[in-house]
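Each chain, letter by letter, is given below.
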Amino acid sequence: MTIRAASYFAALGIMWGIPYLFTSIAVEELSPFVIVMGRCVIGTLALLPFAIRSGDLRAALKRWPYILAYAAIEMVIAWLLLVNAQQYLPSSLAGLLVAALPIFATVLALLLRIERRITLRRIIGLLLGLTGVGILSVVGAGGYNGFGVRPVLQVLMTAMCYAVGPMIIAKKLQGISPLAVNAVSLTFASIMHAPLGLTNLPARMPSGGAIGSVLVLGLVPTAIAFVVFFKLIAEVGPAPSTVITYINPGVALLAGIIFLGEQMTRAIWIGFPMVLLGAFLATWRIHSARDSEIEPLPG
């Protein structure tokens with residue numbers, strides 16, 4: 001790996017690992033509807049000029065129903081569920097639960113017969129990963145301050161949405177510039193979020209920390225990280241770049257502990273490695289140039 005590729009890799013690991021930290025800061029003062037609307041609008045304003053310059057928007061708009069479905073699942077439902085959950089869950093736990101994404105993607109691929117290889121390694125990986133998710137879920141439902149099961153389920157549903165979104169692209173949007181797809185998706189998501197976002201604006205000006213957190217969410221993990229991701233693919237190809245999926249949760253965990261003073265519990269010590277190892281084993285043969293042309297926004 002070149003120094004340039006390594007720098008892209010490190011940057012993406014951080015950029016897609018920090019959304020949970022900044023969401024936890026923003027949600028202290030802002031409605032989830034406002035946070036997600038702000039993230040989508042800022043991401044749209046940042047990416048749309050690049051998509052227009054590329055000349056690929058027309059091809060993307062011809063398949064707008066599928067892009068609309070992708071936006072609804074990946075950027076409307078998923079992000080609202082996640083931000084709602086983070087009103088109650090520590091940011092580190094939210095990031096660790098989203099680490100179940102590769103496991104859910106594998107289960108869906110097998111159920112929908114997108115993937116048909118059911119090997120012993122894959123079965124062991126799924127069982128190990130799901131057990132780790134179960135351990136982490138018990139932490140969220142009964143540990144810390146006893147948040148209950150609802151926010152935990154919301155984060156797991158977010159991971160499921162992140163698994164479904166790329167399948168829409170793989171089946172219906174192949175051959176269209178990923179930059180154009182995500183720029184149009186963010187535009188659609190901004191429009192869908194606007195009614196609830198605008199009607200839930202705060203009565204008084206929020207703090208600089210809350211405003212800055214929304215700006216970071218819109219610019220860093222949503223816009224800048226997407227551009228860096230495709231630079232990484234150009235350097236090393238799509239398959240190695242998917243390893244970032246296993247780095248983001250660790251960054252989320254460290255960020256929560258260092259900046260928010262969150263706990264490193266025994267269940268996390270046990271459950272998190274199980275999720276990562278299970279995801280690695282379950283997806284051992286899934287990641288390929290064909291399958292990894294575009295990735296979900298994991299934050």
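Just above, that's the structure.
*Asks:* What's the story with the overall build of the chain in this structure? I'm lost.
*Replies:* Scanning the chain from N- to C-terminus turns up 14 helices and zero strands. Ordered by position in the sequence, the α and β elements of the chain form the string α-α-α-α-α-α-α-α-α-α-α-α-α-α. Relative to its full complement of 299 residues, the chain shows a buried share of 54%. Taking the contacts inside the chain whose residues are at least 6 apart along the sequence as the reference set, 90% of them involve residues at least 24 apart.

*Asks:* Help me understand the packing of helix α1 (residues 3-15) against helix α11 (residues 208-236) in this model?
*Replies:* Think of two packed helices as two axes; the pair is described by the angle between the axes and how far apart they sit. It is at 9 Å that the axes of α1 and α11 come closest, and there the two elements cross at 150°. Classified by the angle between their axes, α1 and α11 sit roughly antiparallel to one another. α1 and α11 meet at a crossing whose hand is left-handed. Residue-level contacts link Arg4, Ala5, Tyr8, Phe9, Leu12 and Met15 of α1 to Val220, Pro221, Ile224, Ala225, Val228, Phe229, Lys231, Leu232, Glu235 and Val236 of α11. A class-by-class count of the residues in the contact of α1 with α11 yields 13 nonpolar, no polar and three charged.

*Asks:* What's the story with the packing of helix α6 (residues 91-98) against helix α9 (residues 149-172) in this structure? I'm lost.
*Replies:* Packing of α6 against α9 leaves a shortest axis separation of 8 Å and a crossing angle of 40°. Taken as axis vectors, α6 and α9 run oblique relative to one another. Crossing hand, α6 versus α9: right-handed. Between α6 and α9, the contacting residues are Ala94, Leu97 and Val98 on the first element and Val152, Val155, Leu156, Ala159 and Tyr162 on the second. Grouping the constituent residues of the contact of α6 with α9 by class yields eight nonpolar, no polar and no charged.

*Asks:* What should I look at first to understand the environment of Leu201 in this one?
*Replies:* Residue position: Leu201 is located in the loop between α10 (178-199) and α11. Once the C-alpha coordinates of Leu201 and Ser31 are considered, the two residues, 170 residues apart in sequence, prove to be 7.4 Å apart.

Conventions adopted
- Residues numbered from 1 in each chain as written.
- Predicted model: local features only at pLDDT ≥ 70, side-chain atom pairs only at ≥ 80, totals over all residues.
- Heavy atoms only, no water.
- Helix = DSSP H or I, 4+ residues; strand = E, 2+ residues; numbered from the N terminus.
- Buried < 20%, exposed > 50% of the residue type's maximum accessible area, 1.4 Å probe, protein only.
- Contact = heavy atoms within 4.5 Å.
- Axes fitted to C-alpha atoms, helices over the stretch in contact; angles between N-to-C directions.
- Parallel < 35°, antiparallel > 145°, perpendicular 65-115°, else oblique.
- Left-handed = near helix turned anticlockwise from the far one by under 90°.
- Nonpolar A, V, L, I, M, F, W, Y, C, P; charged D, E, K, R; others polar.

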